[in-house]
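# Summary of the model geometry
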2 protein chains.
Amino acid sequence: MKLLEIIKSLSNQTRLDILAWLKDPFAYFPAEELSDYDPALGVCVSDISKKAGMSVPTVSVYLKNMAAADILVATRKDQWTYYKRNEESIQQLAELIKDKL
Amino acid sequence: MKLLEIIKSLSNQTRLDILAWLKDPFAYFPAEELSDYDPALGVCVSDISKKAGMSVPTVSVYLKNMAAADILVATRKDQWTYYKRNEESIQQLAELIKDKL
DNA sequence: TAGGTATTTAGGTAAATACCTAAGTTTGTC
DNA sequence: GACAAACTTAGGTATTTACCTAAATACCTA
């Protein structure tokens, strides 16, 4: 668990927002986009970029970095890449801050 | 507690290191600098900058930002500014990540 | 008031990050 | 194979951050 990498992957508002949106997709994404939502997969890049109001490439890189830091998990399926939160990592991060930081 | 501000105040290695050094000053600072160390105050700017191997102004700004984010507490005494960790804030941060992030 | 030490503020350059558009890749469908 | 949809990679500009030196401020002591 590389603390600095994680912190950097979280150090802008959009990235923090994405994490919040993915915590409860039904509260933040339009129902029609979630018609076949699978919690094991998460939400696809274009839906997230739409929600963020940013270009797909920008958001794609954000997500990729967050996945590299192990805060998100990416799953490629057909032509989509889905992202979901890595809850275990997030809890580990909390523990690390609590005990080690 | 402004999460983004806190995260930004922690998003470089030196700042993380400072937090670690202040957790156990006797393990990281030369004994002679700590001859009248007071845990209620912490360590002064110039000692921290020496330990970091960076200029005093650079470290002064780091410390100031971390204090603005409430992660450190600054105390001015005579011509020195001492910094110590804000343990309560750090625990709050851990809780926030655990429950809200 | 003069001079010294500790710190902060200002101002500058270099590197990193934020975003975009355009171009390429992957995968599915006709 | 041609085309479309979703995504990634490349490449560019603008803003932010890193870090320095120089100058200003604060506070002590003679």
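Residues numbered from 1 in each chain as written. Chains lettered and ligands numbered in written order. Predicted model: local features only at pLDDT ≥ 70, side-chain atom pairs only at ≥ 80, totals over all residues. Heavy atoms only, no water.

## Observations concerning the overall build of chain A
From N to C terminus, chain A includes six helices and three strands. The order of α-helices and β-strands along chain A, N terminus first, is α-α-α-β-α-α-β-β-α. On C-alpha atoms alone, chain A measures out to a radius of gyration of 13 Å, which is about the 13 Å that the 2.2 N^0.38 rule sets for 101 residues. A principal-axis box enclosing the C-alpha atoms of chain A has dimensions of 45 × 25 × 25 Å. By the burial criterion, 47% of the 101 residues in chain A qualify as buried. Sequence separation of 24 or more characterises 51% of the internal contacts of chain A that already satisfy a separation of 6 or more. Each charge class in chain A was averaged separately, 13 positive and 14 negative side chains, and the resulting centres sit 6 Å apart. (Helix = DSSP H or I, 4+ residues; strand = E, 2+ residues; numbered from the N terminus. Rg over C-alpha atoms; globule rule 2.2 N^0.38 Å. Buried < 20%, exposed > 50% of the residue type's maximum accessible area, 1.4 Å probe, protein only. Contact = heavy atoms within 4.5 Å. Lys, Arg positive; Asp, Glu negative; His and termini not counted. Charge placed at Lys NZ, Arg CZ, Asp CG, Glu CD.)

## Considerations on the relation of the copies chain B and chain A
Relative to chain A, chain B is turned by 180° and slid 0.0 Å along the rotation axis, the superposed coordinates differing by an RMSD of 0.0 Å. Given the turn and translation reported, the copies of this chain are related as if by a two-fold rotation axis. Closest to the rotation axis within chain B is the C-alpha of Ala94(B), separated from it by 2.4 Å. By residue overlap, the copies meet face to face through one surface: 100% of the interface positions of chain B are interface positions in chain A. (Least-squares fit on C-alpha atoms with pLDDT ≥ 70 in both.)

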